[in-house]
Amino acid sequence: GNSVTQMEGPVTLSEEAFLTINCTYTATGYPSLFWYVQYPGEGLQLLLKATKADDKGSNKGFEATYRKETTSFHLEKGSVQVSDSAVYFCALRRTGGFKTIFGAGTRLFVKA
Amino acid sequence: GAGVSQTPSNKVTEKGKYVELRCDPISGHTALYWYRQSLGQGPEFLIYFQGTGAADDSGLPNDRFFAVRPEGSVSTLKIQRTERGDSAVYLCASSPSSGSGTDTQYFGPGTRLTVL
């Protein structure tokens, strides 16, 4: 079946450090891939998405590239800020589908 | 405009009781989803509505769980004979259309259910 595996947290970084959160997936066909973010006390928000192989999603300085050959969608940011502290979820949805399958989430702490 | 809203934000109940959780989707969104998020986990799909009908309820864990959307807008998730294992955050999401796979799903803030 379809599934998402992401690196366990928490991840603790200093401000301006480089961030990578790994995400790999298992799916039939060619799913759409998503990163969602949950800031403290807030609801889940879509951060970025990619709908086909080699697409790069980007938003707020975050990027992720849909890699079909490695079935990965790693999240990166060149310089994190304290305000990026949150839980990040990698997710997929199969083509034509509606059910979003989430990873377990990775908590990020950024220290000033 | 207004986002997805859910009420109540917190619900504490006793084992065996009945609870109802409400979701108000974004106006005009035809698709509505319920997810359940246990502590330290990602959300898990429960049910999907397209308009008034439940297009997929395969994620409902058992027959104690039921959801309705009688007028194609507001939805209610109903849990009978609650158990301690039902404690979780229940999330509602909506999207504009029938689910192309690329639609953005907009999530509400969730209802935190605690069963004592």
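Residues numbered from 1 in each chain as written. Chains lettered and ligands numbered in written order. Predicted model: local features only at pLDDT ≥ 70, side-chain atom pairs only at ≥ 80, totals over all residues. Heavy atoms only, no water.

A. Highlighting the state of the cysteines. All names here are of chain A. Under the criterion given, the structure shown has 2 disulfides over all chains. A sulfur-sulfur separation of 1.9 Å characterises the disulfide bridge that pairs Cys-23 with Cys-90. With the S-S bond torsion at -70 degrees, the cross-link from Cys-23 to Cys-90 turns out left-handed. With Cys-23 in strand E4 (residues 23-26) and Cys-90 in strand E10 (residues 86-93), this residue pair connects regions lying 67 residues apart in the sequence. (Disulfide = S-S within 2.5 Å. Helix = DSSP H or I, 4+ residues; strand = E, 2+ residues; numbered from the N terminus.)

B. Structural view of the pattern of salt bridges. For the structure shown, the criterion picks out 6 salt bridges over all chains. Measuring nitrogen to oxygen at the nearest pair gives 3.4 Å for the salt bridge that ties Asp-55 of chain A to Lys-52 of chain A. Two residues, Asp-84 of chain A and Lys-77 of chain A, come together in a salt bridge whose shortest N-O distance is 2.8 Å. There is no split in this pair, since Asp-84 of chain A and Lys-77 of chain A are both buried. What emerges from the salt-bridge pattern is a single network uniting Arg-64, Glu-83 and Asp-86 of chain B. (Salt bridge = Lys/Arg side-chain N within 4 Å of Asp/Glu carboxyl O. Buried < 20%, exposed > 50% of the residue type's maximum accessible area, 1.4 Å probe, protein only.)

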